[in-house]
Amino acid sequence: MSTMKEITSLAAWEQHVSSLAPSTLLIISFHAPWAAPCAQMSTVLKTLATEYPATEPPTTSWVSVNAEDLSELSEQYDVTAVPFLVLSRGGKVLETVSGSSAVKVRNAIEKHATSSGAAPAAVNGGADTEMKEAEEEQDPEKAKEELFKRLGELVKAAPVMLFMKGTPSSPQCGFSRQMVAILRENAVKYGFFNILADDEVRQGLKEYADWPTYPQLWVDGELVGGLDIVSHSFVKYSFHSTNAWFLLQVKEEMENNEDFFKAYSVKSSGEGVAAS
Ligand SMILES: N[C@@H](CCC(=O)N[C@@H](CS)C(=O)NCC(=O)O)C(=O)O
């Protein structure tokens, strides 16, 4: 049976890739230690790998890559969110799957493995059970429960988390671009999630947060707000610190000060903001 190999350096990557036959289906799983869905995806992939026989030369090769540690590879494969799966053969990308849907991942791997004759071995009982568990997301109630659990972990993935359109180096919306600029100017360290890469998160987080738009800035698992609120916080306090608690204090003040939003909405509409 095939197993998953962790690639920890560019040298190890080069060596691994050069050892493959042109017909080998290379399955690359990009992950990040702080993203909880990656742990689930890792279980799914390790389980799937066991279903494919280890042959010589290998018909399938399974590797996982820390997307932040090996950022050159992440850029090469346009990884904008994790988990992110790349299927490639002979150096050519066949398909990518963004997000943590076990069903999508399994279907994609089966499709490309079968086209090269690398059929999975008979499914063993244990693996089958784990896959079924991963697929329970098809039941709408269960899926929502799972999604909210995932979102609960995602908003706490870093002390300051930005849910945005695009990435900090390439924002895909004027609001997100402004938010990134504010955080950069104020030297705030933050994790980010590109909601354009995962529609489940994009739609689900609106309901989870009870907040209809992006960007969304979360601090210690609590929503601070969108661009209007955050930009005002920084303007008002000329914030120059990485202390995430600051934003929570601002949020508290806003909640206790009825005039806060009134005052700001005038200022905001006067200034105007770039549309996405
Ligand atoms: N005034 C908002 C502006 C953000 C906004 O209107 N975002 C829109 C357009 S980028 C949005 O996220 N719409 C929902 C969606 O695209 O899913 C703020 O303060 O953040």
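A quick note: this is a predicted structure, and the numbers were derived from the prediction, not measured.

Moving on, we get to the site of the ligand. Lining the immediate environment of the ligand, one finds 13 residues, of which Lys 165, Arg 202, Lys 206, Tyr 214 and Leu 227 sit closest. For the ligand, an oxygen atom lies 2.5 Å from a polar atom in the side chain of Lys 165. Protein chains shield 78% of the accessible area of the ligand, which is 500 Å² for the free molecule. Elements represented by at least two residues in the shell around the ligand include exactly helix H8 (199-209) and helix H9 (227-237). Classifying every residue of the shell around the ligand gives six nonpolar, three polar and four charged.

Moving on: the nonpolar core. Of all hydrophobic cores here, the largest spans 19 residues; its most connected members are Trp 13, Ile 28, Phe 30, Tyr 77 and Val 82. Of all the secondary-structure elements, those providing two or more residues to this core are strand E2 (25-31), strand E3 (60-66) and strand E4 (84-89). Sorting elements by how many residues they give to this core places E2 first, with three residues. Core analysis: the second largest hydrophobic core is formed by 18 residues, Leu 45, Tyr 52, Val 105 and Ala 108 among them.

Bringing the pattern of salt bridges into the picture now. Under the criterion given, the structure shown has four salt bridges. The shortest N-O distance in the salt bridge between Lys 144 and Glu 207 comes to 2.6 Å. Remark: Glu 207 occurs in helix H8 and Lys 144 occurs in helix H6 (residues 140-154); sequence separation between them is 63 residues. The shortest N-O distance in the salt bridge between Arg 150 and Glu 200 comes to 3.6 Å. Residue Arg 150 is found in helix H6, and its partner Glu 200 is found in helix H8; the two are separated by 50 residues along the sequence.

What counts as what
- Residues numbered from 1 in each chain as written.
- Predicted model: local features only at pLDDT ≥ 70, side-chain atom pairs only at ≥ 80, totals over all residues.
- Heavy atoms only, no water.
- Near = heavy atom within 4 Å.
- Polar contact = N/O pair within 3.5 Å; in protein donor to acceptor, adjacent residues only side chain to side chain.
- Areas by Shrake-Rupley, 256 points an atom, 1.4 Å probe, with all protein chains shown as cover.
- Helix = DSSP H or I, 4+ residues; strand = E, 2+ residues; numbered from the N terminus.
- Nonpolar A, V, L, I, M, F, W, Y, C, P; charged D, E, K, R; others polar.
- Core = buried A, V, L, I, M, F, W, Y, C linked by side-chain atoms within 4.5 Å.
- Buried < 20%, exposed > 50% of the residue type's maximum accessible area, 1.4 Å probe, protein only.
- Salt bridge = Lys/Arg side-chain N within 4 Å of Asp/Glu carboxyl O.

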